[in-house]
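Here's the letter readout for the chains.
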Amino acid sequence: MSTRTFAGAVLLALLLLVALPLAALAAGSERTTLTIAVPPGASLGQVAVVRVTLSDATGQPIPKATILITAPLSFLEASGDVVLADATTDAKGVAIADFDVRTEGTLAIKAVFAGDERYAASSASATVNVAGDGQLYVQAAGVQLPGFDRSPGAILAPANNAQANVGVLSGLAALWHALSGWPIAVALMTIWSFYATVVGLLFRIGAAANEAEA
Amino acid sequence: MKGLSRRGLLTRLGIGAGAVAAAGLAPIHFDAAAAPAAPSGRLRRWAMVIDLRRCDGCQSVGTPPQCTAACIQGHFAPEPMEWIQVYEAPLEGRGTQFIPTPCQQCQNPPCVNVCPVGATFSTPEGTVLIDQQRCIGCRLCMEACPYDRRFFNWGTAPIPPEAMFMDYSPEHQSPAIRGTVMKCDFCPDMARAGRLPYCAQGCPNRAIYYGDLEEDLATNGTEVVKLSRFLAENNAVRLKEELGTEPRVRFIPGHGEQVGRRPTVTGRKPTVWPWQKLVQGATSWKR
Amino acid sequence: MEAVTGAGGHAIPATRPHAADGVHAAPGVTPAWRARLEERGLAPLARTGRRYWLWIGFLLAVIAWALHAYQAQLENGLIVTGLRDRISWGVYIASFVFFIGISHAGTLLSAILRVTRARWQMSVTRMAEFITVVALMVGALFPFIDMGRVDRILNLVQYGRWQSPLLWDIFAITTYLVGSTLYLYLPLIPDFALARDRLGPTAPAWRRATYRLAALGWRGTPAQRRLLDRAMTVMMCVIIPVAVSVHTVVSWIFSMTLRVAFNTTVFGPYFVAGAIFSGVAAIILLMAVLRKLLHLEEYITRKQFLFLGYLLGAFTLIMTYFNLTEYVTHGYKMEAGVPFHFTQLMVGPFEPLFLFYWICGIAIPGLIMLFPRTRTIAGIVTAAGLVAVAMWVERFLIVVAGFRVPLMAYEPSDYTPTWVEWSILAGAFALFALLISVFAKLFPVISIWEVVEHRGPELDEPASAVAAPDRRALRPERAGRA
């Protein structure tokens, strides 16, 4: 072997020695294709199911790949791509992700495969139209018993829940409000009626005196 | 809620930024009708997530905790009130963790349950507020709160000059009224204006996320996350869950490891109230 | 028989027939004995000595000082107290619980013992009812003294939330105050009639008018007697559940919260038992004082002290039972916060007060009642005094130690009451004494007609009084007795 050939072989070996590990670190060079199927429309508060298929350049499915479903959303002073769900592809390269839909309007869904040593990254986009209205999160705390489940008549349920702004009462309303606490009202009225009886008896003692004198 | 934009007024009067910690933290009062908070009339359900993996008590910054500092400056909280207070709690084994603790905004609030005049109440958004003009100062709520988050105006707190230009509202508690109770209010006027609360803005590590359980989103100012997923994936917990107060504030366990803190490095700088030094004759008391 | 000297210095003829009929004297009551009782009972109403005015002056001075302290609090806010965020209730609320507790004296004695027809307590029911009404009036002041914004008191009416334990307190204490006032007034009617008839003729016009008005035209007719008995029976039965509910509700301002020391279901009965315990001690103390000052030894004898002392002793056991229940059920489990609480109570900063409560409030009074050697009037009064002080200490421990348990990771605070709080407490005690003293001047401190009716052979008496049974004392007709 001539020196030039030997040098070339060493150079090639060195190149491969450096290049191959580098290549291994970077995303793979194999092209992948991601397809996404979303329901055309979704209702607010329902679960939307997204079906994603990941295949390589030859159309073969890629299993065990992590797919992220994101959407660009804004909240207060920030915005960005929000990861809504994630799923892993099965043997057929199909991943099914679901998430509950909380923002109405047009949702620009993007499925993202970040790529790995072998495969390149890829993504796919789709649009979901979310319609609907209505409050989804209702806070609940305490026990709701039949007959006691209306605040402020509730006794065992907490005295104040998110819907009620308890305490904004005045005068007669406060009296009615108090009476809606019927156990307390009944107890108080019972005892005070006894007091009224006694006061009545006192008046009769006085009257009996007048009779005796008359 | 009428009121001049404080920042606008200050600019006009040429009052320096000394009285306000950072320009970005000036409270803005908007007319409620002009800036509806939620899409399509759905009410927001405010919540907070505090990522303790990123809280080191501002040890790396070398200052008193910035969340508390921002809150104090933004609200002119009188000394010694720390509406968000960074507790240093011991960990199992050796070391401590820092837990910035705002009002937990409970959904079964013990304070609201016991108030005899309804001075403290829950808004439909789930925020617990105090009407300082109705409070009779009986302090039953302070006895009932299991998180040490309510503060009483034992003496007369100094009045910040800005308070003269502010209309009273339970949504911003300034000036402090002697003989009444105050606490963290989740900055409702900030939220309505599309801003984060002072504490979330002030955190240098972006550890405080402010979110909406209705739209299921939260943000710390840089990233937006899906709240329910964020909580589940990071094993978020609530304080004193067994008490059944159902707080809206959740914590992701940690000790500041994501910002390079080792649990055995203890101690933080004590909180200060710089605005109070600017007011002549300022007096305070100990908690 | 000695003549009674009226307010104007005129002698009231003692042979004047008693118009306060309708009182069926018990067997063994001689006219002499009865006349002596009436004289002793009405004497404070008839004449007032200089010592009394000096005493009133002293009490008014203490109250004036307390008002000065309260003025300082109104001016500067609650910062003049030792209260702060971490321990936000202290002397005021502890004293509130204490005074409301004492008010159970009257209910226990007047109602419970009346219902069970115990006769020995008849001579002290009036004093017990005094204590109830006065203690309620004084105790009810404390929540208002403790308020940060007393000027907003009307918010309680305008915006009151019935879900709040404080409102329950207001309902309960108001109801109890009205009820115990009625219950004080009812047995006073025949005594007012006696005063109207015996003292009225020589008393100044305002007094005469007061007696006449308050006596409601009582003539002792069978019809009136029937009505009075019915009224008293109603009140007797109603006041017992009211009193039990009052202190239960007072305990609920603590046990409706999630604090480790308060989050227990036993608080209701525990507080009621403590209330009766301190109430009995208060009766014994007042009994001893008034007996000495007004020369009532013949009617308040060792028997009253003994029986009340037995009650006191029984309640040391009941209090021990409740306290042990608390300590054992908490201590067995040692839930978070309980080790701290027990440490601070039993070996920490509260150890001296804790030991004082147990030794001087429970053990020593119990032992005094156990041994005949110590079971004298002096011994029983000492026991009662110790119990009264120890029960205030116990209320203080409940409130302050309960608040001191840290809720989060911070160092526990300390609480030292200031001169303002002590002054106001002293003023409250002075107000209590003042009101009792005023009552003692307005109403006979001993329920004359009831003692006459129910005095039985078991009451000690000087030998001379039972020389010959007076047949006039045995009334043939029993018609009209309810």
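Reading the values: the criteria
Residues numbered from 1 in each chain as written. Chains lettered and ligands numbered in written order. Predicted model: local features only at pLDDT ≥ 70, side-chain atom pairs only at ≥ 80, totals over all residues. Heavy atoms only, no water. Helix = DSSP H or I, 4+ residues; strand = E, 2+ residues; numbered from the N terminus. Buried < 20%, exposed > 50% of the residue type's maximum accessible area, 1.4 Å probe, protein only. Contact = heavy atoms within 4.5 Å. Areas by Shrake-Rupley, 256 points an atom, 1.4 Å probe, with all protein chains shown as cover. Disulfide = S-S within 2.5 Å. Pairing = 2+ DSSP bridges. Axes fitted to C-alpha atoms, helices over the stretch in contact; angles between N-to-C directions. Buried area = accessible area lost by both parts, 1.4 Å probe. Salt bridge = Lys/Arg side-chain N within 4 Å of Asp/Glu carboxyl O. Polar contact = N/O pair within 3.5 Å; in protein donor to acceptor, adjacent residues only side chain to side chain. Nonpolar A, V, L, I, M, F, W, Y, C, P; charged D, E, K, R; others polar. Phe/Tyr/Trp six-rings, centres within 6.5 Å; stacked < 30°, edge-to-face > 60°. Lys NZ or Arg CZ within 6 Å of the ring centre and 35° of its normal. Core = buried A, V, L, I, M, F, W, Y, C linked by side-chain atoms within 4.5 Å. Parallel < 35°, antiparallel > 145°, perpendicular 65-115°, else oblique. Left-handed = near helix turned anticlockwise from the far one by under 90°. pLDDT = per-residue confidence, 0-100. Patch = residues over 30% accessible without salt bridge, like charges linked within 9 Å, V, L, I, M, F, W, Y side chains within 5 Å.

## A word on the overall build of chain C
Point 1. A count of helices and strands for chain C gives 17 helices and two strands.
Point 2. The buried share of chain C, taken over its 482 residues, is 60%.
Point 3. Partitioning the intrachain contacts of chain C with sequence separation of at least 6 by distance along the chain shows that 82% fall at a separation of at least 24.
Point 4. In the form shown here, chain C has an accessible surface area of approximately 18700 Å², with 68% of it arising from carbon and sulfur atoms.

## Quick look at the state of the cysteines
Residues and elements named next belong to chain B.
Point 1. One pass over the structure, following the stated rule, counts zero disulfides over all chains.
Point 2. In this structure Cys58 is not part of a disulfide, and its nearest cysteine sulfur, from Cys203, lies 6.3 Å away.
Point 3. Owing to a relative accessible area of 8%, Cys58 belongs among the buried residues under this scheme.
Point 4. Left without a disulfide partner, Cys141 is nearest to the cysteine sulfur of Cys135, which lies 6.3 Å away.

## Some thoughts on the sheet that holds strand β4 (residues 66-75) of chain A
Residues and elements named next belong to chain A.
Point 1. Judged by pairing direction, the sheet is mixed, and its five strands sit side by side in the order β2-β8-β7-β4-β5 without closing on themselves. With one partner strand each, in any of the chains shown, β2 (41-43) and β5 (78-88) form the two edges of the open sheet. For this sheet, the mean angle separating the axes of adjacent strands, direction not counted, is 35°.

## As for the pairing of strand β8 (residues 122-131) of chain A
Residue and element names in this part refer to chain A.
Point 1. Side chains Ser122, Ala124, Ala126, Val128 and Val130 project from β8 onto a buried face, and the interleaved Ser123, Ser125, Thr127, Asn129 and Ala131 project onto a face without burial.
Point 2. Sheet topology note: the β2/β8 ladder contains three bridges and is parallel. Pairing of Ser43 across the sheet is with Ala131, part of β8.
Point 3. Relative to β8, strand β7 (residues 105-113) runs antiparallel, the two being bridged by nine bridges. Across the sheet, Ile109 pairs through a bridge with Ala126, a residue of β8.

## Comments concerning the pairing of strand β3 (residues 47-56) of chain A
Residues and elements named next belong to chain A.
Point 1. In the sheet, strand β1 (residues 32-37) pairs with β3 via six bridges, with the strands oriented antiparallel. From the neighbouring strand, Thr35 faces β3, where its bridge partner is Thr53.
Point 2. In this structure, β3 lies alongside strand β6 (residues 94-100), joined through seven bridges in antiparallel fashion. For Thr53, the partnering residue across the bridge sits in β6 and is Val94.

## Things to note about the interface of chain C and chain B
Point 1. At the interface, 40 residues of chain C touch 46 residues of chain B.
Point 2. Between chain C and chain B lies a buried interface of about 3400 Å² when both sides are counted; carbon and sulfur atoms form 56% of it.
Point 3. The largest per-residue losses of area from chain C upon contact with chain B belong to Asp85, Leu258 and Met408 of chain C, which jointly make up 21% of the total buried on that side.
Point 4. Summed over the shared surface of chain C and chain B, the number is three salt bridges.
Point 5. Linking Arg86 of chain C and Asp148 of chain B is a salt bridge whose minimum nitrogen-to-oxygen distance equals 2.8 Å.
Point 6. Where the side of chain C that touches chain B is concerned, the elements lending two or more residues are α2 (50-76), α7 (155-158), α8 (165-198) and α10 (222-255) of chain C.

## Quick look at the interface of chain B and chain A
Accessible area lost during the coming together of the parts is what is often quoted as the interface size.
Point 1. Facing the 44 residues of chain B at the interface are 39 residues of chain A.
Point 2. Of the roughly 3200 Å² buried between chain B and chain A, counting both surfaces, carbon and sulfur atoms make up 49%.
Point 3. Between Arg195 of chain B and Glu77 of chain A there is a salt bridge, with its nearest N and O atoms 3.2 Å apart.
Point 4. The interface formed by chain B and chain A contains 15 residue pairs in polar contact (both at pLDDT 80 or more).
Point 5. Where the side of chain B that touches chain A is concerned, the elements lending two or more residues are α3 (110-114), β4 (120-122), β8 (208-212), β9 (217-219), β10 (224-226) and α7 (227-233) of chain B.
Point 6. Class assignment for the residues of the side of chain B that touches chain A results in 16 nonpolar, 14 polar and 14 charged.

## Regarding the packing of aromatic side chains
Residue and element names in this part refer to chain C.
Point 1. Summed over all chains, the structure comprises 45 aromatic pairs over all chains.
Point 2. Ring geometry for Trp33 and Tyr299: centres 5.4 Å apart, planes at 80°, overall edge-to-face. Of this pair, Trp33 sits in helix α1 (residues 31-46) while Tyr299 sits in the loop between α11 (267-294) and α12 (302-333), placing them 266 residues apart in sequence.
Point 3. The interplanar angle of 70° and the centroid separation of 5.5 Å between the aromatic rings of Tyr357 and Trp358 together place this pair among those described as edge-to-face. With respect to burial, Tyr357 and Trp358 carry one shared label: buried.
Point 4. Members of the aromatic cluster, connected to one another through ring pairs, are Trp89, Phe254, Phe262, Phe267, Tyr270, Phe271, Tyr321, Phe322 and Phe403.
Point 5. One residue, Arg395, lies across the ring of Phe271, its end atom 5.2 Å from the ring centre.
Point 6. A cation over a ring is seen here: Lys441 above Tyr52, with NZ or CZ 4.9 Å from the ring centre.

## Quick word on the nonpolar core
Point 1. Formed by 261 residues in total, the largest nonpolar core has its most connected members in Ile69 and Phe99 of chain A together with Phe142 and Phe254 of chain C.
Point 2. Ignoring anything within four residues of it in the chain, the contact list for Ile69 of chain A reads Val50, Val52, Val82, Val83, Leu84, Ala85, Ala97, Phe99, Ile109, Lys110 and Ala111 of chain A.

## What about the pattern of salt bridges?
Point 1. Enumeration over the complete set of coordinates arrives at 34 salt bridges over all chains.
Point 2. In this structure, Arg229 of chain B and Asp86 of chain A form a salt bridge, with 2.3 Å as the shortest nitrogen-oxygen distance. Pair noted here: Arg229 of chain B is in helix α7 and Asp86 of chain A is in strand β5, and the two residues belong to different chains.
Point 3. The exposure class assigned to Arg229 of chain B is buried, which follows from its relative accessible area of 17%.
Point 4. The exposure class of Asp86 of chain A is partly exposed, given its relative accessible area of 35%.
Point 5. For Arg229 of chain B, the salt bridge goes to Glu233 of chain B, with nearest N and O atoms at 3.8 Å. Taken together, the residues Arg229 of chain B and Glu233 of chain B, both in helix α7 and four residues apart, mark about one turn of the helix.
Point 6. Overall, the relative accessible area of 51% leaves Glu233 of chain B in the exposed class.

## Focus: the packing of helix α4 (residues 104-115) of chain C against α10 of chain C
Residue and element names in this part refer to chain C.
Point 1. For the pair α4 and α10, interaxial distance at closest approach is 9 Å and the crossing angle is 135°. One finds that α4 runs oblique with respect to α10. Between α4 and α10 the crossing geometry is left-handed. Across the interface between the two elements, His104, Thr107, Ala111, Ile112, Arg114 and Val115 of α4 pack against Met232, Met236, Ile239, Ile240, Ala243, Val244, Val246 and His247 of α10.
Point 2. In the contact of α4 with α10, the residues fall into ten nonpolar, three polar and one charged.

## Things to note about the confidence of the model for chain A
Close inspection of predicted coordinates is inappropriate for parts of the model with low pLDDT.
Point 1. Of the residues in chain A, 74% reach a pLDDT of 70 or more, and the chain-wide mean stands at 78.
Point 2. The model gives residues 148-174 of chain A a pLDDT under 50, and that stretch makes 66 contacts with residues more than four places away or in other chains.

## Section: a nonpolar patch on the surface
All names here are of chain A.
Point 1. Nonpolar side chains collect at one region of the surface, where Phe6, Val10, Leu11, Leu12, Leu14, Leu15, Leu16 and Leu17 lie side by side and expose about 810 Å² of accessible area between them.
Point 2. With respect to the helices and strands, Leu15 occurs in helix α1 (residues 3-25).
Point 3. On the basis of relative accessible area, Leu15 is assigned to the exposed category, the value being 53%.

## A few points about the sheet that holds β3 of chain A
Sheet strands pair by backbone hydrogen bonding; their relative direction is either parallel or antiparallel.
All names here are of chain A.
Point 1. If you trace the three strands from one edge of the open sheet to the other, you get β1-β3-β6, paired in antiparallel fashion. Strands at the two margins of the open sheet, each flanked by one partner only, are β1 and β6. Averaged over all neighbouring strand pairs, the angle between strand axes comes to 25°, with direction disregarded.

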